[in-house]
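What follows is the residue order along each chain.
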Amino acid sequence: MHVKKRLKEENQIESKEHLIRDVMKRDLGMKYKKVLPVPIQANSVRNLILRQQFALAFFKIDLNRKIVINIDETWLGMSDFRRRKWGQPLSTNSVAQLQMTPRVSMIAALDSNGEIFLSLLQANNNSSVMALFLNQLVQRLDRERPGWRKNHVVLWDNAPYHKSRETLELLK
């Protein structure tokens, strides 16, 4: 518990967690409430229509004869994963999104057989980073699944570095 640790470090006071909870509830009037996540604005009408169009095209692929490799990337940009926290009654219970430094990026490829190919790095994703990941993925697939290009479909979003000449050359 964070309060217990701070009491010890800053004031050299040892206390039990249940006593700290009692003081926070009874004496300070605080409540332990669910943290409210802030919604992202990714569900615009345009994005919803594009996802629907993609789904219709994707379902035309004969998936019985293909293995789909879904590749996506993200970054680990937050360091506070709490689901609940103490707060005053009637106060918002949102958590500030602090940037992690250095930023950790993750690229993952998951195929329809459940195999995962994963990369963690300290760099922004761009064509060069994606090319490095794909180069390693292609080498592994060439080694472990000869002829994989005939029966695999690569699926990813429309990020500019997914469509770059450098990236597309690696998949030929």
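Let us look at the structure shown here. Note that this is a predicted model, so its numbers are computed, not measured.

## Some details on the pairing of strand S5 (residues 116-121)
Across six bridges, strand S4 (residues 104-111) lies against S5 in antiparallel orientation. Bridging across to S5, Ala-108 finds its partner in Leu-118. Between S4 and S5, which pair antiparallel in sequence order, lie four residues; one of them, Gly-114, sits at a positive phi of approximately 95°.

## Section: a nonpolar patch on the surface
Taken together, the side chains of Leu-76, Leu-110, Ile-116, Leu-118 and Leu-120 present a nonpolar region at the surface, about 480 Å² in accessible area. At three residues, S5 tops the list of elements feeding residues into the nonpolar patch. The topology assignment puts Leu-110 in strand S4.

## Some thoughts on the packing of helix H1 (residues 2-11) against helix H2 (residues 17-27)
Running from amino to carboxyl end, H1 crosses H2 at an angle of 100°, the nearest separation of the two axes being 9 Å. By the angle class used here, H1 and H2 are roughly perpendicular. Contact with H1, carried on its side by Val-3, Lys-4 and Leu-7, involves Glu-17, Ile-20 and Met-24 of H2 and no other residues of that element.

## Quick look at the pairing of strand S2 (residues 67-76)
Relative to strand S6 (residues 152-155), S2 runs parallel, the two being bridged by four bridges. Its bridge partner being in S6, Asn-70 is matched across the sheet by Leu-155. Here S2 runs beside S4; their pairing, made up of eight bridges, is antiparallel. Across the sheet, the residue bridging to Trp-75 is Ser-105, located in S4.

## With respect to the sheet that holds S5
Pairing in this open sheet of four strands is mixed, and the strands run S5-S4-S2-S6 from one edge to the other. Edge positions in the open sheet fall to S5 and S6, since each of these has one partner strand only. The mean angle between the axes of side-by-side strands here comes to 15°, regardless of whether they run parallel or antiparallel. Strand contacts of helix H4 (residues 127-144): S2, S4 and S5, with the helix running at about 145° to S5, the strand carrying the most contacts.

Rules of the game
- Residues numbered from 1 in each chain as written.
- Predicted model: local features only at pLDDT ≥ 70, side-chain atom pairs only at ≥ 80, totals over all residues.
- Heavy atoms only, no water.
- Pairing = 2+ DSSP bridges.
- Helix = DSSP H or I, 4+ residues; strand = E, 2+ residues; numbered from the N terminus.
- Patch = residues over 30% accessible without salt bridge, like charges linked within 9 Å, V, L, I, M, F, W, Y side chains within 5 Å.
- Areas by Shrake-Rupley, 256 points an atom, 1.4 Å probe, with all protein chains shown as cover.
- Salt bridge = Lys/Arg side-chain N within 4 Å of Asp/Glu carboxyl O.
- Axes fitted to C-alpha atoms, helices over the stretch in contact; angles between N-to-C directions.
- Parallel < 35°, antiparallel > 145°, perpendicular 65-115°, else oblique.
- Contact = heavy atoms within 4.5 Å.

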